[in-house]
Amino acid sequence: MRLDIGNLDVSLSGRPVLHGLSMALSPGEVVGLLGPNGAGKSTLMRAIAGLVEARGDIRFGGDDLAALSPAARARILAYLPQTRIVGWRLAVRDLVALGRIPWRRFGAPPTAEDEAIVERALILMDVAHLAERPASELSGGEQARVLAARAVAQSTPCLIADEPASGLDPAHQMMMMQALRRLAGEGRAILVSLHDLTLAARWCDRVVMLRDGRIAAEGRPEAVMDAARLAEIYGVTAHVARDEGGLILAPTGLTGAAP
Amino acid sequence: MRPLALNALLGLLALALFLASLAVGPAELGPSESVRGLLAGGSEAAAVIMREIRLPRAILGLAIGFTLGISGAVLQGFLRNPLAEPGIIGVSAMAAFGAVAAFYTGLAGSTLYALPAGALIGALLAVLLLLALAARSGSTLTLILAGVALSSLSGALTSLVLNLSPNPFASYEIIFWLLGSLKDRSIEHVWLALPLMAGGWLLIALSARAIDALSLGEEAAASLGIHMARTRLLIVVGVALGVGAATAVAGTIGFVGLVVPHLIRPLTNRLPSRLLLPAGLGGAALLLAADVAARVVLPAGELNVGVLTALIGAPFFLWLVVRSRREVF
């Protein structure tokens, strides 16, 4: 089922941040959300997750997400916040298992299925070897993967991830994108915000480029990510190349005009 | 340690200290005499001492300790703050002020129930103010700030009452009550406070899942389907019922709620929900132990148990502050 966002308006403390934004997210696709700082990427994601007040329509299949109970919504949509919070000294496995909360009956112990899903999430994010370690004592990049595994363990048809690759080493950045691709391959719809343009171009089926709370461009990376567009949206000059894996985009300087 | 083993161990410890509390007192009763007095009843001295003096005291020690322990555990989990304790949301300070007001107006002398009623009204007022102050924002930080403000305000009002009190004996009585004690409480106090405390425990237990999810922060918890406003209501009302009732019958007993979760947490897997029951049992054990110690250390004068817990608690708090800077929770 498709996630449809229609005519979304969001204001934060009276200041309009998103203006009549519409987009859709289909099962099986990884959609990259791009744009400069302050363009509204995080606000869009938080609005979709129901964490900020928004006017407009957010529907999954036929259901209006705003009309569902928080628990029912948590079984449709998982949200990975940009701010990484690891409370107490929870073991990695226990932390990832928190993702099962929307599926568990109150007071019931985890089922074998819960445990299997947690195990798969640990393996997918390459943190299974850390399972018994306290998450608070891991490196920043490791914590990012543990928290991503928590969102994966929520087993929702939609996953909204806010900069899951930031702070990761190059190998784990690609591993993260590969993991998201694999989840999409299982039929999930993934929306992921990114700052690394090459990563977005090579791993996303589609990119949505935001600027000042509006969609400035949308489409397949090869179709919309060119030097002129990057100059317009980010205010940077860029070297654009191509190999068999897709585009390579390297920002080389500022265009001079402030974005 | 496995959760079941931990709970069984702490339960046995609390039970042993409950029995010790029944056995200790100025009247020298032998074990068989005590048991007979407790079970058989009658009007002989042993029965009166056991049923009307020691039993209420032991029950209140158990229940109030449990309340303070579980309240501290739920607040630390909810606020994601290792320094949180039942006093932080201002309920105990407001309850104390309510009781002091009952003293001051002279109502406390007229009936047994005036003092606890004053404290409960204070606690209720605290809840209404807290929810009104913190209602507009879902943030737990607002709740802490509102609680701190409320604590300072009720502290100031209590001082004002002491200032205005008509004679030094009234002031002395107020201060002595504020120190917290389980001495000379009757079975009526038990019937008054126990149902309210049990209600508080139930509400706190219902928030177990929410405080686990809050380990990941408020946004992630909300995205896991946790209803933040409902959780806050459950916890604030639950803690206020328990701690309000505890303060109403025993005055303010500090530091049990702060210390116990920290003593118990390393023995659990550190999920906030898994700490609730052990922290309650540990709190019961600690308060019973302190109350027994208060009777044994100074048999003639008898130390106030609130003084004793603060004497142990304050140095522990300092150690905690030093340790928390290394983020080992």
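Residues numbered from 1 in each chain as written. Chains lettered and ligands numbered in written order. Predicted model: local features only at pLDDT ≥ 70, side-chain atom pairs only at ≥ 80, totals over all residues.

Caption draft 1: Structural detail: the overall build of chain A. Per the secondary structure count, chain A includes 9 helices and 12 strands. Here the C-alpha atoms of chain A give a radius of gyration of 18 Å, agreeing with the 18 Å that 2.2 N^0.38 yields for 259 residues. When the backbone C-alpha atoms are referred to their principal axes, chain A occupies close to 60 × 40 × 35 Å. Long-range contacts, defined as pairs at least 24 residues apart, comprise 64% of the intrachain contacts of chain A with a sequence gap of at least 6. (Helix = DSSP H or I, 4+ residues; strand = E, 2+ residues; numbered from the N terminus. Rg over C-alpha atoms; globule rule 2.2 N^0.38 Å. Contact = placed C-beta atoms within 7 Å.)

Caption draft 2: Highlighting helix α1 (residues 3-23) of chain B. Residues and elements named next belong to chain B. Helix length check: α1, at 21 residues, gives a terminal C-alpha distance of 30 Å against a target of 30 Å (1.5 Å per residue), a fit within 8%. Listing the buried residues of α1 in full gives Leu 10, Ala 14, Leu 17, Phe 18, Ser 21 and Leu 22. Projection of α1 onto a plane perpendicular to its axis shows the buried side chains occupying an angular sector of 145 degrees, all on one side. Away from the buried face of α1 by more than 90 degrees, exposed residues Leu 4, Ala 5, Ala 8 and Leu 12 are located. (Expected span 1.5 Å × (residues − 1). Buried ≥ 20, exposed ≤ 12 C-beta atoms within 10 Å, placed from the backbone. Arc of directions from axis to C-beta.)

Caption draft 3: The arrangement of the pairing of strand β7 (residues 158-162) of chain A in detail. Residues and elements named next belong to chain A. A large share of β7 lies buried, amounting to 5 of its 5 residues. The side-chain alternation of β7 yields two buried faces, one formed by Cys 158, Ile 160 and Asp 162 and the other by Leu 159 and Ala 161. Both β7 and strand β8 (residues 189-193) contribute to a ladder of 5 bridges, which runs parallel. Among the inter-strand pairings, Leu 159 is bridged to a residue of β8, identified as Ile 190. Each parallel crossover has a hand, and the one from β7 via helix α6 (residues 170-185) to β8 is right-handed. (Pairing = 2+ DSSP bridges. Right-handed = clockwise from strand over helix to strand, strands pointing away.)

Caption draft 4: View of the domain arrangement of chain A. Residues and elements named next belong to chain A. Here chain A is partitioned into domain 1 (1-76 + 157-172 + 194-259) and domain 2 (83-155). Of note, the centres of domain 1 and domain 2, computed from C-alpha atoms alone, are 26 Å apart. Taken together, the 10 residues of domain 1 in the interface contact 9 residues of domain 2. Counting residues per element, the ones that place at least two in the side of domain 1 that touches domain 2 are α2 (70-74) and β7. (Domains from an automatic or database assignment.)

Caption draft 5: Summary view of the packing of α1(B) against helix α3 (residues 45-79) of chain B. Residue and element names in this part refer to chain B. At a minimum axis distance of 9 Å, the contact between α1 and α3 shows a crossing angle of 150 degrees. The orientation of α1 relative to α3 falls into the category roughly antiparallel. The interaxial crossing formed by α1 with α3 has right-handed handedness. Between α1, through Ala 14, Phe 18, Ser 21 and Leu 22, and α3, the contact on the second element is made entirely by Arg 54, Leu 55, Arg 57, Ala 58, Gly 61 and Leu 62. Tallied by class, the residues present in the contact of α1 with α3 amount to 6 nonpolar, 2 polar and 2 charged. (Axes fitted to C-alpha atoms, helices over the stretch in contact; angles between N-to-C directions. Parallel < 35°, antiparallel > 145°, perpendicular 65-115°, else oblique. Left-handed = near helix turned anticlockwise from the far one by under 90°. Nonpolar A, V, L, I, M, F, W, Y, C, P; charged D, E, K, R; others polar.)

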